[in-house]
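Structure assessment
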Amino acid sequence: MSRDRRPLALVVEDLPEVRDWLAEALAKAFDGIEVGRVGTLSEARAWLAALESGSRDAARLKMALIDLGLPDGSGIDLVRELTERHPHVLTIVATIFDDDEHLFPAIAAGAQGYLLKEQEPEALARHLRMIDEGLPPLSPSISRRMLAHFRERGALPASGAAASAGGATSAAGSAVPAARVPVEPVAARADGAPSPGAESITLSPRETEVLSYIGRGLRVGEAAKVLGLTEHTVAGYVKTLYRKLNISSRAEAALEAARRGLV
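Residues numbered from 1 in each chain as written. Predicted model: local features only at pLDDT ≥ 70, side-chain atom pairs only at ≥ 80, totals over all residues. Heavy atoms only, no water.

1. Things to note about the overall build of the protein chain
Rules: Only DSSP runs of H or I with at least four residues qualify as helices, and only runs of E with at least two residues qualify as strands; both kinds are numbered from the N terminus onward. A 1.4 Å probe rolled over the protein chains alone gives each residue an accessible area, and that area as a share of the maximum for its type sets the label: buried under 20%, exposed over 50%, partly exposed in between. We call two residues in contact whenever any of their non-hydrogen atoms come within 4.5 Å of each other. Under the convention used here, a 1.4 Å probe and the Shrake-Rupley method define accessible areas, while residue burial counts only the protein chains that appear.
Secondary structure summary: the protein chain contains eleven helices and seven strands in total. The burial tally for the protein chain puts 49% of its 263 residues in the buried class. A separation of at least 24 residues holds for 69% of the contacts in the protein chain among residues at least 6 apart in sequence. Surface summary for the protein chain: the accessible area is close to 12200 Å², and the carbon and sulfur share equals 53%.

2. Focus on the sheet that holds strand S6 (residues 90-95)
To be explicit about the condition: Pairing between strands requires that DSSP locate at least two bridges from one strand to the other. Note on geometry: axes are lines fitted to C-alpha atoms, helical ones only across the stretch in contact, with angles between N-to-C directions running from 0 to 180 degrees.
Taking strand neighbours across the sheet as the criterion, the five strands line up as S2-S1-S3-S6-S7 in an open arrangement whose pairing is parallel. In this open sheet, the two edge strands, each paired with only one partner strand, are strand S2 (34-38) and strand S7 (113-116). Across the sheet, the mean angle from the axis of one strand to that of its neighbour is 20 degrees, orientation sign disregarded. Here strand S3 (residues 61-66) pairs with S6 via four bridges, running parallel. When the sheet's bridge partners are listed, Ala64 is paired in S6 with Thr91. In the packing of helix H5 (residues 121-129) onto the sheet, contacts are made with S3, S6 and S7, and the angle to S7 comes to roughly 170 degrees.

3. A short note on the pairing of S2
Defined as follows: By convention a crossover is right-handed if, when the strands point away from the viewer, the path from the first strand over the helix to the second runs clockwise.
The side-chain alternation of S2 yields one buried face, formed by Glu34, Gly36 and Val38, and one unburied face, formed by Val35 and Arg37. When strand S1 (residues 8-12) meets S2, the two strands line up parallel, connected through five bridges. Residue pairing in the sheet places Val12 in a bridge with Val38 of S2. The parallel pair S1 and S2, bridged by helix H1 (residues 16-29), forms a crossover whose chirality is right-handed.

4. Topic: the pairing of S7
On a regular strand, one side chain projects to one face of the sheet and the next to the other, so that they alternate. Going residue by residue along S7, you find Gly113 and Leu115 tucked away on one face and Tyr114 and Leu116 tucked away on the opposite face as well. Of the pairings in the sheet, the one linking S6 to S7 comprises four bridges and is parallel in character. Bridge pairing in S7 places Val93 opposite Tyr114. Following the chain from S6 across helix H4 (residues 100-109) to the adjacent parallel S7, one finds a crossover that is right-handed.

5. Some details on helix H10 (residues 231-245)
Spelled out, the test is: What a helix should span is 1.5 Å times the count of its residues minus one.
An ideal rise of 1.5 Å per residue puts 21 Å on 15 residues; H10 measures up with 21 Å between its terminal C-alpha atoms. Of all the positions in H10, only Val234, Ala235, Val238, Lys239, Thr240, Leu241, Tyr242 and Leu245 are classed as buried. Those residues of H10 that are buried are in contact with strand S4 (69-70), helix H8 (205-215), helix H9 (220-227) and helix H11 (250-259). Two residues or fewer after H10 comes Asn246, characterised by a positive phi angle close to 60 degrees.

6. Focus: the packing of H8 against H9
What counts here: Angles below 35 degrees are treated as roughly parallel, those above 145 as roughly antiparallel, those between 65 and 115 as roughly perpendicular, and all remaining angles as oblique. It is the rotation of the near helix from the far one that decides the hand of a crossing: anticlockwise by less than a right angle makes it left-handed, clockwise makes it right-handed. Here the term charged refers only to Asp, Glu, Lys and Arg, the term nonpolar to Ala, Val, Leu, Ile, Met, Phe, Trp, Tyr, Cys and Pro, and the term polar to all other amino acids, Gly among them.
Two numbers describe how H8 lies on H9: the axes approach to 10 Å, and their chain directions differ by 130 degrees. If you check the angle between H8 and H9, you find them oblique. The handedness of the crossing between H8 and H9 is right-handed. Along its contact with H8, which presents Arg206, Glu209, Val210, Tyr213 and Ile214, the element H9 presents Val220, Ala223, Val226 and Leu227. Of the residues that constitute the contact of H8 with H9, the class distribution is seven nonpolar, no polar and two charged.

The following block contains the structure:
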């Protein structure tokens with residue numbers, strides 16, 4: 001495939017390690033794809049402006065993976081802008097937020113997929129490949145949350161929602177059955193090896209507090225309420241923890257919290 005005809009994707013993520021990890025998942029999912037990488041909302045807008053100016057072929061832009069908690073604003077604004085200006089681009093949220101307060105505004109803004117970054121790279125690539133089959137890239141827990149949301153509002157019959165939830169989970173390729181509680185007890189996973197070098201890493205008192213709550217299974221929003229902080233602030237602490245501890249998932253955070261005696 002010639003360079004000028006290669007599909008193009010954009011990754012918007014402020015953590016360099018996570019940004020590279022998302023780009024690698026795209027490369028695994030789509031042979032020959034070229035990936036642009038930026039770390040802030042303003043950088044993403046500048047990147048798109050250069051694309052629109054003709055310095056790059058805008059028609060090659062196939063999709064964008066967008067974090068929600070960016071240093072200079074919300075990724076939801078970028079989802080909305082992309083949807084309005086480049087409707088052919090598949091906008092997919094890649095985030096640590098798994099609550100309704102982030103999920104549904106993102107979908108309303110035009111996001112066509114919602115993936116949680118706690119997945120393994122292979123699983124993320126598998127969800128991205130679903131696009132070629134005409135299926136929306138959704139993490140299994142997000143599929144269940146959306147079905148539950150509409151079932152609670154009477155949009156789906158209970159039996160139909162349950163069947164659909166199973167179907168969505170199967171389509172997403174998850175090994176976790178729909179009826180199974182996805183969060184295992186921390187103690188059951190406490191025998192795992194610590195992250196390489198994590199034992200020598202010092203955390204601030206606030207980082208330790210956040211790790212303890214995330215390790216107990218609280219979502220970002222729940223931890224924020226307990227700590228009296230904003231969700232954006234707690235999300236920033238979670239990103240710092242991931243970078244410091246060289247981890248990339250909630251399960252690894254739970255292991256580290258258990259290893260440090262925080263849960």
